[in-house]
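# Structural description and commentary
As a plain string of letters, each chain reads:
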Amino acid sequence: MIKKNLLVNGISRTLIAPPDASLANVLREQLGLTGTKIGCGQAQCGCCNVILNNKLVRSCVTKMSKIPDNAAVITVEGVGTPENLHPVQLAWITHGGAQCGFCSPGFVVSTTALLAENPNPTREDVRDWFQKHRNACRCTGYKQLVDAVMDAAKVMRGEMKAEELMFKMPEDGKIWGGKYPRPSAVAKVTGTLEYGADLGLKLPPETLCCALVQAQVSHGEIKSIDTSEAEKMPGVVKVVTHKDIKGKNRITGLITFPTNKGDGWDRPILCDEKVFQFGDAIAIVCAATQSQAKAAAEKVKVNMEELPAYMSAPAAMAEDAMEIHPGTPNIYYIQKIAKGKDTKPIFEKADVVVEDDFYVGRQPHMPMEPDVGFAYLNDDGKLCIHSKSIALNLHKAMIAPGLGVEPENLIMVQNPTGGTFGYKFSPTMEALVGAACLATGRPVFLNYNYFQQMTYTGKRSPFFVNMRYAADKDGKLLAMETDWSVDHGPYSEFGDLLTLRGAQFMGAGYDIPNILGEGRTVCTNHAWGSAFRSYGSPQSEFASEVLMDELAEKLGVDPFELRYKNVYREGATTPTGQKPEVLSLPEMLDILRPKYKAALEKAKKNSDGKVKRGVGISIGIYGCGLDGPDGSQVRVELNQDNTITVFNTWEDHGQGADMGTLGTAHEALRPMGVSPDRIRLELNDTGNAPDSGPSGGSRQQVVTGRAIQAACELLMGAMRKSDGTYRSYDEMKAENISVSYDGKWTAPATACDENAQGSPFAVYMYGVFMAEVAVELATGKTSVEKMTLVADIGKVNNRLVTDGQLYGGIAQGIGLALTEDFEDLKKHSTLMGAGFPYAKQVTDDIELIYVETPRPEGPFGAAGAGELPLSSPHAAIINGINNACGVRITRLPALPEKVLAGLKAK
Ligand code: MCN
Ligand code: FES
Ligand code: FES
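Model, not experiment: these values are computed from the prediction.

### Thoughts on the overall build of the chain
Each helix and strand in the chain was counted, giving 26 helices and 30 strands. Rg of the C-alpha trace for the chain: 27 Å, near the compact-globule value of 29 Å for 906 residues, within the 12% margin. The principal-axis extents of the C-alpha atoms in the chain amount to approximately 80 × 70 × 70 Å. Within the span of the chain, comprising 906 residues, buried residues form 64% of the whole. For the chain, restricting intrachain contacts to residue pairs at least 6 apart in sequence, the fraction spanning at least 24 positions comes to 79%. Of the accessible surface of the chain, which amounts to about 31000 Å², a share of 51% is contributed by carbon and sulfur atoms. Each charge sign in the chain was given a centre, from 94 positive and 106 negative side chains, and these centres are 4 Å apart.

Okay, structure coming up:
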């Protein structure tokens, strides 16, 4: 131990700590300053930024022994407080800089250090600073962050008053469609919002810390598990194995498709007979401290016979491949699509045919907050699990039988969450902490490190696609044929549904009268497939949007005009034979056309022997909802103080469930004139909220939005008096009228049949992406210089939120196109190794153009927003590369060496 005196936020502190303890841990655990977050723990994200003796440092790698005595430390708590916000924090709120907010304290501290050094930075200075200091944000695409820094700097230089930065309530009291800051923003930018790891530190003293014993191979048969040595280690209370689990010890994938050859009971909570992928959990050590649990986990001996690992769909589909789950074929689900006439004669006679193979890989989600959660038994003996779940009721059904708990005795709660981007549509550690809590009878806490986050959570499932288009000589699409294989990793949950997405979104946006195709879900030993934002459409639309450019090239026409000719118009149907609910694509393309022409000219003018510039277009479409009659339920209650509480499970990844709920409820209650501060939110606790379904499939604004609207209308109806005024709480009680109302809504949609025909979504999102790229001829390096998105997401609830959704999704599209991958278990297991896009990889020049076509089924005309921006921006970038230098990339990511090889081959 060493003794250090530190001046923390101006207060003198004496600290006794191990010399190798990190400053981040000491601040959080010993001083309770949990505003300093730990993301990567590896100096790659800046979530842990503090200012140490006037210098910005990453406190996760700053050892106590290296800190000079009497050093001055400033954490986010020292920058400003909720009552006394620093201009940087205020600007962050006003510009929508905090989505999940997990990166916000680090950025706020980083910006404070920047402005102390350079009070008048340019936008590029700001971006350079964030790049240099590795401040990473996965939600925002950085643009709103730079906007915030520029305004904060103005305030600090005295060129703008802080009041000018504050949100002003419009005179008509309407916040729908405006920029009202999200309710959680103040807590996020001041570091006072408590995420799972922060809450974990504040659990009662009897709480046990968990450490996992995990598979070090990708496929193997377990011969024995010896826990005897580990049990004797200091502080260990129990080593939990499959033998301690009272239920089926399986997470059910809730298979709903009758033709699925698996039964869905394929994912062990703790492995018993086999391990199916690297990192699979085999045992959980529960001990008094984290370090004791980790030390003991090292002592668990697992005798394993390694089996051949099938690390891709083609490998697992090979004739001689063994069944990964014995008794279930590796190809366990087939999805066909058949629309219109037989395509064979059409292809034979067509004027033009194009065909190509495409691959979109295993994109990692890379949220800033690694997976975390805890469990305890409440006073009623119910098991309560708090996690990052974005599918609370679904997870309850998926894990209860495996744990041996009745669903009514299981309560699921979502902690404030630092981003998921879909990986939390699958349960991760929920069943593990549940099992550990039941086995020990004590509260338990589990926090993954970033290596575990990367290697032992689900990933985007790679698609191997072959696609053909037939067209007439004028470019009218006549038919499409598709064949796709989905590498879904070892666990089946939602793999069939994802394969169906291939049928629904390949060719989406175009009126293709005749389609024939087949997709298959393949079990492999690589990372299990979980939802990732836009679920299936980035894989599907990459193929159909790049092939569209190949068709234009063969026809010798402009790819923009070829799209214009074929997009949905009156009489058109989607690939599933559905009539689109609105027809805004021609209008959207008309808006973009002059910008496209100007961009092409600019690209040509600015190309030379060293750098070639080009422009690419893509159409992006995604549905809002779960297939078919997706439903949601919400409760509203009038409180004694005449405020109104909304109860729902609109889980918040960071997208803004709080603002979504508030904005929708406020608009619904506007006839009564309730101000936003009188609407309270009780979100994401299955113990007190009805089931609003998961936050997947960009469904909540539409489906839960409609349920909020319904509940508010019921309450208002009950409160309305004959003279048009409204009853107070006391009046309601006096007249014995209920103050609590459940609103429900079910989408008027029909699930697809075995040929993928149906009307699966009542509402869709539509987008047109334009990428302006530059390719360096000597290296093959591509940079995206500008992105434009014309988006029709219906009427907008909150512009700060939707701007943030669109910017952030585009940034992930840039990553998907150029750098991101999770193929190599070693190389790709860190943020930097997996190609995480930092500030300088994401262009600062992103233009958003909204076409707000009201949706007949959306609440106040809204569609969803979350997934549109990642549906096909990568296809526009890849098309831009071809336009720039004639290299067609069909396997992502377009790393410099791939582009260079293409240039050399020409
Ligand atoms: N919204 C709006 N006006 C509209 C449509 C939406 O203001 N016309 C707002 C909503 O109020 C909500 C947000 O935009 O705050 C997204 O709404 P919606 O599209 O309905 O999506 P969900 O709320 O169901 O959120 C899920 C969606 C998905 S599926 C993923 S994955 C995702 C995403 O949103 N992951 C995210 N956005 C994310 N954003 C962040 N920061 N982090 C993630 O992990
Ligand atoms: Fe410290 Fe990521 S840089 S947590
Ligand atoms: Fe930056 Fe979520 S707001 S990571």
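From this point, things continue past the structure.
### Focus: the pattern of salt bridges
Per the counting criterion, the structure on display carries 46 salt bridges. Its salt-bridge partner being Arg 28, residue Asp 198 comes within 2.8 Å of it at the nearest N-O pair. Of the two residues, Asp 198 is situated in helix α9 (residues 196-201) and Arg 28 in helix α1 (residues 23-30); the sequence distance between them amounts to 170 residues. Of the two residues examined, Asp 198 and Arg 28, each falls in the buried class. In this structure, Arg 888 engages Glu 553 in a salt bridge whose closest nitrogen and oxygen atoms are separated by 3.0 Å. Placement of the pair is Arg 888 in the loop between α25 (873-885) and α26 (896-905) and Glu 553 in helix α18 (residues 537-555), with a sequence separation of 335 residues.

### Thoughts on the pairing of strand β5 (residues 71-74)
Because side chains alternate across β5, one face comprises the buried residues Ala 71 and Val 73, and the other comprises Ala 72 and Ile 74, none of which is buried. Bridging between strand β1 (residues 2-8) and β5 involves three bridges; their strand directions are parallel. By the bridge assignment for β5, Leu 7 is matched with Ala 72. Bridge count between strand β3 (residues 49-52) and β5: two bridges; the pairing is antiparallel. In the strand pairing of β5, Leu 52 is matched with Val 73.

### Concerning the nonpolar core
Within the largest apolar cluster, 245 residues are counted, with the highest numbers of intra-cluster contacts made by Trp 92, Tyr 142, Leu 432 and Tyr 469. No other element matches helix α22 (residues 700-719), which puts 10 residues into this core. In this structure, Trp 92 is in contact with Gly 97, Ala 98, Ser 104, Phe 107, Val 108, Thr 111, Phe 130, Leu 145, Ala 148, Val 149 and Val 189, ignoring residues within four places of it in sequence. By size, the runner-up hydrophobic cluster in this structure holds 17 residues, among which are Leu 6, Ala 17, Val 50 and Val 73.

### Section: the environment of Phe 102
Within the secondary structure, Phe 102 sits in the loop between α3 (87-94) and α4 (104-117). Judged by relative accessible area, Phe 102 falls into the buried class, the value being 4%. Taking C-alpha positions, Phe 102 is 8.5 Å from Gly 191, a pair spaced 89 residues apart along the chain. Beyond its immediate stretch of four places on either side in the chain, Phe 102 contacts Lys 37, Ile 38, Gly 39, Cys 47, Tyr 195, Met 368, Glu 369 and Gly 418.

Calculation rules
Residues numbered from 1 in each chain as written. Chains lettered and ligands numbered in written order. Predicted model: local features only at pLDDT ≥ 70, side-chain atom pairs only at ≥ 80, totals over all residues. Heavy atoms only, no water. Helix = DSSP H or I, 4+ residues; strand = E, 2+ residues; numbered from the N terminus. Rg over C-alpha atoms; globule rule 2.2 N^0.38 Å. Buried < 20%, exposed > 50% of the residue type's maximum accessible area, 1.4 Å probe, protein only. Contact = heavy atoms within 4.5 Å. Areas by Shrake-Rupley, 256 points an atom, 1.4 Å probe, with all protein chains shown as cover. Lys, Arg positive; Asp, Glu negative; His and termini not counted. Charge placed at Lys NZ, Arg CZ, Asp CG, Glu CD. Salt bridge = Lys/Arg side-chain N within 4 Å of Asp/Glu carboxyl O. Pairing = 2+ DSSP bridges. Core = buried A, V, L, I, M, F, W, Y, C linked by side-chain atoms within 4.5 Å.

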